[in-house]
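What the coordinates show
Residues per chain, in single letters:
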Number of protein chains: 2
Amino acid sequence: MKLSTKGRYGLKAMFELALHYGEGPTPLKNIADSQDISEHYLEQLIAVLRKSGLVNSVRGAQGGYLLNDSPKNITVGNVIRALEGDIAPADCVLENEEVNCDKLNYCVTKTIWMKIRDSINDVIDSITLQDMVDEHKEKNEGQGYMYYI
Amino acid sequence: MKLSTKGRYGLKAMFELALHYGEGPTPLKNIADSQDISEHYLEQLIAVLRKSGLVNSVRGAQGGYLLNDSPKNITVGNVIRALEGDIAPADCVLENEEVNCDKLNYCVTKTIWMKIRDSINDVIDSITLQDMVDEHKEKNEGQGYMYYI
DNA sequence: TGAATCCCTAGTGTTATACTTGGTATTTCA
DNA sequence: TGAAATACCAAGTATAACACTAGGGATTCA
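Let me begin by describing the structure that accompanies this report. (Residues numbered from 1 in each chain as written. Chains lettered and ligands numbered in written order. Predicted model: local features only at pLDDT ≥ 70, side-chain atom pairs only at ≥ 80, totals over all residues. Heavy atoms only, no water.)

Expressed as a screw transformation, the operator carrying chain B onto chain A has a rotation angle of 180° and an axial translation of 0.0 Å, and the superposed copies differ by an RMSD of 0.1 Å. Here the symmetry operator amounts to a two-fold rotation axis. Looking at the rotation axis and the C-alpha trace of chain B, the residue lying nearest is B:Met1, at 2.4 Å. Mapped onto chain A, 98% of the interface residues of chain B are again interface residues, and the two copies thus contact each other with one and the same surface. (Least-squares fit on C-alpha atoms with pLDDT ≥ 70 in both. Contact = heavy atoms within 4.5 Å.)

A few words now on the pattern of salt bridges. Residue and element names in this part refer to chain A. In this structure the tally under the stated criterion is 10 salt bridges over all chains. Of the charged contacts, one joins Asp33 and Lys29 as a salt bridge, the two residues approaching to 3.1 Å between their closest N and O atoms. Placement of both Asp33 and Lys29 in helix α2 (residues 28-35) is noted, with a separation of 4 residues, approximately one turn of the helix. Of the charged contacts, one joins Asp118 and Arg117 as a salt bridge, the two residues approaching to 3.1 Å between their closest N and O atoms. Overall, Asp118 belongs to the partly exposed group, its relative accessible area being 34%. Through salt bridges with shared partners, one network takes in Glu95, Arg117 and Asp118. (Salt bridge = Lys/Arg side-chain N within 4 Å of Asp/Glu carboxyl O. Helix = DSSP H or I, 4+ residues; strand = E, 2+ residues; numbered from the N terminus. Buried < 20%, exposed > 50% of the residue type's maximum accessible area, 1.4 Å probe, protein only.)

Another aspect to go through is the environment of A:Ile124. You can see A:Ile124 is positioned in helix α5 (residues 108-125). Measuring from C-alpha to C-alpha, the distance between A:Ile124 and A:Arg81 comes to 9.6 Å, with 43 residues separating the pair along the chain.

The next subject is the protein's contact with DNA strand D. If you check the shell around DNA strand D, you find 27 residues, and the closest are A:Thr5, A:His40, A:Gln44, B:Glu43 and B:Ser57. Among all atoms of DNA strand D positioned within 4 Å of the protein, those belonging to sugar or phosphate total 62%. A:Thr5 places a polar side-chain atom, nitrogen or oxygen, 2.7 Å from a phosphate oxygen of DNA strand D. In this structure, B:Ser57 approaches DNA strand D through a side-chain N or O atom, which is 2.5 Å from a phosphate oxygen. Sorting the residues of the surface near DNA strand D by element identifies α1 (5-19) and α3 (39-51) of chain A together with α3 (39-51), β1 (55-58) and β2 (64-67) of chain B as the ones contributing at least two each. Among the elements that make up the surface near DNA strand D, the one with the highest residue count is α3(B) (4 residues). (Near = heavy atom within 4 Å. Polar contact = N/O pair within 3.5 Å; in protein donor to acceptor, adjacent residues only side chain to side chain.)

What follows deals with the protein's contact with DNA strand C. Lining the immediate surroundings of DNA strand C are 26 residues, of which A:Glu43, A:Ser57, B:Thr5, B:His40 and B:Gln44 lie closest. Taking A:Arg50, its side chain carries an N or O atom lying 3.0 Å from a phosphate oxygen of DNA strand C. The side chain of B:Thr5 places a nitrogen or oxygen atom 2.7 Å from a phosphate oxygen of DNA strand C. With 4 residues, α3(A) is the single largest residue contributor to the surface near DNA strand C.

The biggest cluster of nonpolar side chains holds 86 residues, and the ones touching the most others in it are A:Met14, A:Trp113, B:Met14 and B:Trp113. Among all residues touching B:Met14, those that are not within four sequence positions of it are B:Leu49, B:Leu54, B:Val55, B:Leu67, B:Ile74, B:Val79 and B:Leu129. (Core = buried A, V, L, I, M, F, W, Y, C linked by side-chain atoms within 4.5 Å.)

The next thing to look at is the packing of aromatic side chains. Residue and element names in this part refer to chain A. If you walk through the whole model with that rule in mind, you get 2 aromatic pairs over all chains. Look at Tyr9 and Tyr41: their rings are 6.0 Å apart centre to centre, the planes differ by 85°, and that puts the pair in the edge-to-face class. Here Tyr41 lies in helix α3 and Tyr9 lies in helix α1, a separation of 32 residues in the sequence. (Phe/Tyr/Trp six-rings, centres within 6.5 Å; stacked < 30°, edge-to-face > 60°.)

Contacts between the two partners involve 40 residues from chain B, matched on the other side by 39 residues from chain A. Both faces considered, chain B and chain A share a buried interface measuring about 3,600 Å² in area, 69% of it formed by carbon and sulfur atoms. Looking only at chain B, the three residues that lose the most surface to chain A are B:Met1, B:Lys2 and B:Tyr106, adding up to 19% of its buried area. The tally of links from chain B across to chain A stands at 2 salt bridges. (Buried area = accessible area lost by both parts, 1.4 Å probe.)

Let us now look at the packing of α1(A) against helix α5 (residues 108-125) of chain B. It is the contact of α1(A) with α5(B), at a shortest axis distance of 10 Å, that shows an interaxial angle of 135°. In this view, α1(A) runs oblique relative to α5(B), as classed from their interaxial angle. Seen along the crossing, α1(A) lies across α5(B) with a hand that is right-handed. The residues of α5(B) that touch α1(A), namely those facing A:Arg8, A:Leu11, A:Lys12 and A:Phe15, are B:Val108, B:Thr109, B:Ile112 and B:Trp113. Residues belonging to the contact of α1(A) with α5(B) are distributed by class as follows: 5 nonpolar, 1 polar and 2 charged. (Axes fitted to C-alpha atoms, helices over the stretch in contact; angles between N-to-C directions. Parallel < 35°, antiparallel > 145°, perpendicular 65-115°, else oblique. Left-handed = near helix turned anticlockwise from the far one by under 90°. Nonpolar A, V, L, I, M, F, W, Y, C, P; charged D, E, K, R; others polar.)

We now examine unusual backbone geometry. Residue and element names in this part refer to chain B. One non-glycine residue, Asp36, lies in the positive phi region at around 60°. Tracing the backbone shows Asp36 in the loop between α2 (28-35) and α3. At Gln62, a residue that is not glycine, the phi angle is positive and equals roughly 65°. Among the structural elements, Gln62 can be located in the loop between β1 and β2. Looking at Gln62, the relative accessible area reads 73%, which means it is exposed.

Purely spatial values, then, with no claim about function.
This is the structure we're talking about:
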């Protein structure tokens, strides 16, 4: 039941972009350095985020990546689903492709997988990147430490 | 974010034992047939459940497995944790061995992983094997079909 | 023109998963 | 008493996913 690094790194990267929202493009190298992620690997993840429309890119020197929308309008669920696909603890409760695993019997484990799936989705759909930025600023204020030196 | 077959098959097996609670030992073959699981593979999973004290075994002909406690007292969480270990979407929020991934910064993704972890645990700790049995009987009643022919 | 950046494709070592294979030990029952 | 039914144990294996690395091409700015 682990999230892979795709989802975890991807969310860190999106958080980083949210911190700099409105300041022009952020180069990948900065994100990778700040969050301590391999640049080349992150490149592959952010390519997925770009193709799914969550971020835009600007090529060339002084280029980089930026959020395609306000952090208020992007949820953790948007990011994780883009990178990991639909969240479900078992294939039989994948949102689009629900399978009838058991024709004769009503399957009681399926009920449980649905409840787990829904509880996870409730969490990730209720948190926006802006929430993360707000929390970060709150916790780090008054420490004489600026995140983005 | 998938549960492995360990947790999924293991829960199915425990449900099967709960259905037959109080009726003496159920042989592995019956469980494997009912739930359509490889017998030899299930053997390995149930060995873990036995070592963790959730089931007992009776050897020899007419032997099999039985729950070590009433289905009312065994939760889905007990079963899944025995087979998969503590549930957490990222290692940094594993219950026993929480790691400080980021010394300088307050890590906002960690907050999210904790919320996901807690929501999953809430679900699996709130459902007992008896709940599953009750739901199964409710849904299958009046269908002229008995599960345990 | 050259440095900084994004973009793309392919390869690779490691690990976990989901089994299979092939036995041994114990108990019941005919 | 012997055969069948069961639990118990240890090892091997094919596949796939993960988490990268490597190497280069395209674009833009100064």
